[in-house]
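Descriptive analysis of the structure
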Amino acid sequence: MDNRNEILFAVREAKRNLGESADFRVADALAILEGIAPFLSKEVVIGMKCKSCDNYASASFPLSRDFWAVDDSEYCHAKDASLKNLTASKLAGCTQYSCVATQDLINLGTAIMEEDLRPAFQERKLYDRSKFASYNVAFQLQSSPGKVCIELGHRTDEGFACSDIKLYILRRLDPGFGAVATQKISEAMKGSPIMVVQSGLQTRRQLDIDYVLEWMAEKRKMDIVYL
């Protein structure tokens, strides 16, 4: 079946089965669905709904504790299934959608950035080797289901220039870090969330920030991993 019409066919079948006996409110709801359904392909449903859900992942580990084997297909942790194996109707009708955990991570990341990082880096400078100049440290927060990333960098006329320091807060293991890093993260992940620092040792030494990061992890009662 053409997945673009899958939901439309389901709505029309429901209308046919109900016939003229349907309550007018049900009939109105089905009419609305019938009008919208042609625009609800599986890809649209995934983009509109799934990608903002706590349970969404762009890839997954199909084998337990084997971090070298990665399925690059989009995945639903709630259904423990690849999205390619779920129909548009199944995804559209899913009642397990939630963004609470994602918002909690955003709130935690924002608190760390504003309450811990910004005061700690107020007097520090970040050296940009490409510009041969030092700048005040700036921060940028990026979010996706299962993690937030706080990027350290500096402001330019063009916007934000990211350095090689990234601070991740993870709620679950992420194949995007690669097998070796994921193994290291999994060994430290006694609870959730966990703090993961991705940075060159030289940059960390330049900024003298390890003790700040350790203090933050202790304050937030989080395990910390350096990559």
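To be clear, the structure that these remarks concern was listed above.
Residues numbered from 1 in each chain as written. Predicted model: local features only at pLDDT ≥ 70, side-chain atom pairs only at ≥ 80, totals over all residues. Heavy atoms only, no water.

Side note on the sheet that holds strand β6 (residues 138–144)
Spatial strand order, β6-β7-β8-β9-β10: five strands in an open sheet with mixed pairing. The two strands at the open ends of the sheet, each matched to only one other strand, are β6 and β10 (224–226). Strand-to-strand twist across the sheet, computed as the mean angle between neighbouring axes with direction ignored, equals 25°. Relative to strand β7 (residues 147–156), β6 runs antiparallel, the two sharing seven bridges. Across the sheet, Phe-139 pairs through a bridge with Leu-152, a residue of β7. Strand contacts of helix α8 (residues 210–219): β8 (159–170), β9 (194–198) and β10, with the helix running at about 150° to β10, the strand carrying the most contacts. (Pairing = 2+ DSSP bridges. Helix = DSSP H or I, 4+ residues; strand = E, 2+ residues; numbered from the N terminus. Axes fitted to C-alpha atoms, helices over the stretch in contact; angles between N-to-C directions. Contact = heavy atoms within 4.5 Å.)

A few points about α8
Residues three or four positions apart in an α-helix share a direction because the helix packs 3.6 residues into each turn. If you check which residues of α8 are buried, you get Val-212, Leu-213, Met-216 and Ala-217. Along the long axis of α8, the arc covered by the buried residues comes to 135°, so they all point the same way. Exposed and facing more than 90 degrees away from the buried side of α8 are Tyr-211 and Glu-218. Phi turns positive one or two residues past the end of α8, at Lys-221, with a value near 55°. (Buried < 20%, exposed > 50% of the residue type's maximum accessible area, 1.4 Å probe, protein only. Arc of directions from axis to C-beta.)

A word on the side chain of Ser-186
Positionally, Ser-186 belongs in helix α6 (residues 179–188). On the basis of relative accessible area, Ser-186 is assigned to the buried category, the value being 10%. If near-sequence neighbours (up to four positions away) are discounted, Ser-186 is found in contact with Arg-65, Phe-67 and Leu-173.

Some details on the environment of Ala-69
Relative to the elements of secondary structure, Ala-69 occurs in the loop between β1 (56–57) and β2 (75–76). With 109 residues separating them along the chain, Ala-69 and Gly-178 place their C-alpha atoms 10.0 Å apart. Not counting chain neighbours up to four residues away, the residues in contact with Ala-69 comprise Ser-60, Phe-61, Pro-62 and Leu-63.

Description of the sheet that holds β1
Across the sheet, three strands lie side by side as β1-β2-β3; this open sheet has antiparallel pairing. Looking at the sheet topology across the chains shown, the edges are occupied by β1 and β3 (81–82). The pairing of β1 with β2 spans two bridges and is classified as antiparallel. Residue pairing for β2: Tyr-56 is matched across the bridge by Cys-76.

Some thoughts on the layout of surface pockets
The volume enclosed by the largest pocket comes to roughly 380 Å³. Here the residues of the lining of the largest pocket are counted per class, giving ten nonpolar, seven polar and four charged. Going through the elements one at a time, β4 (125–128), β8 and α7 (201–207) are the ones with two or more residues in the lining of the second largest pocket. Of all the elements, β8 adds the most residues to the lining of the second largest pocket, at four residues. (1 Å grid on protein atoms, 1.4 Å probe; cavity = no way out; pocket = protein on both sides within 12 Å on 5 of 7 lines; lining within 4 Å. Points joined across faces, edges and corners; volume = space filled by probe spheres on them. Nonpolar A, V, L, I, M, F, W, Y, C, P; charged D, E, K, R; others polar.)

Quick look at the packing of aromatic side chains
Here the distance between the centres and the angle between the planes together describe a pair of aromatic rings. Per the stated rule, a full pass over the model turns up three aromatic pairs. Between the aromatic rings of Phe-121 and Phe-139, the centroid separation amounts to 5.8 Å while the plane-to-plane angle is 80°, which identifies the pairing as edge-to-face. Residue Phe-121 is located in the loop between α5 (100–120) and β4, and its partner Phe-139 is located in strand β6; the two are separated by 18 residues in the primary sequence. Classification of Phe-121 as buried rests on a relative accessible area of 2%. Using a relative accessible area of 4% as the deciding quantity, one classes Phe-139 as buried. Between Tyr-168 and Phe-177 the ring centres are 4.9 Å apart and the planes differ by 80°, which places this aromatic pair in the edge-to-face class. Assigned by exposure class, Tyr-168 and Phe-177 land together as buried. Over the ring of Phe-121 we find Arg-124; its NZ or CZ atom is 5.5 Å from the centre of that ring. (Phe/Tyr/Trp six-rings, centres within 6.5 Å; stacked < 30°, edge-to-face > 60°. Lys NZ or Arg CZ within 6 Å of the ring centre and 35° of its normal.)

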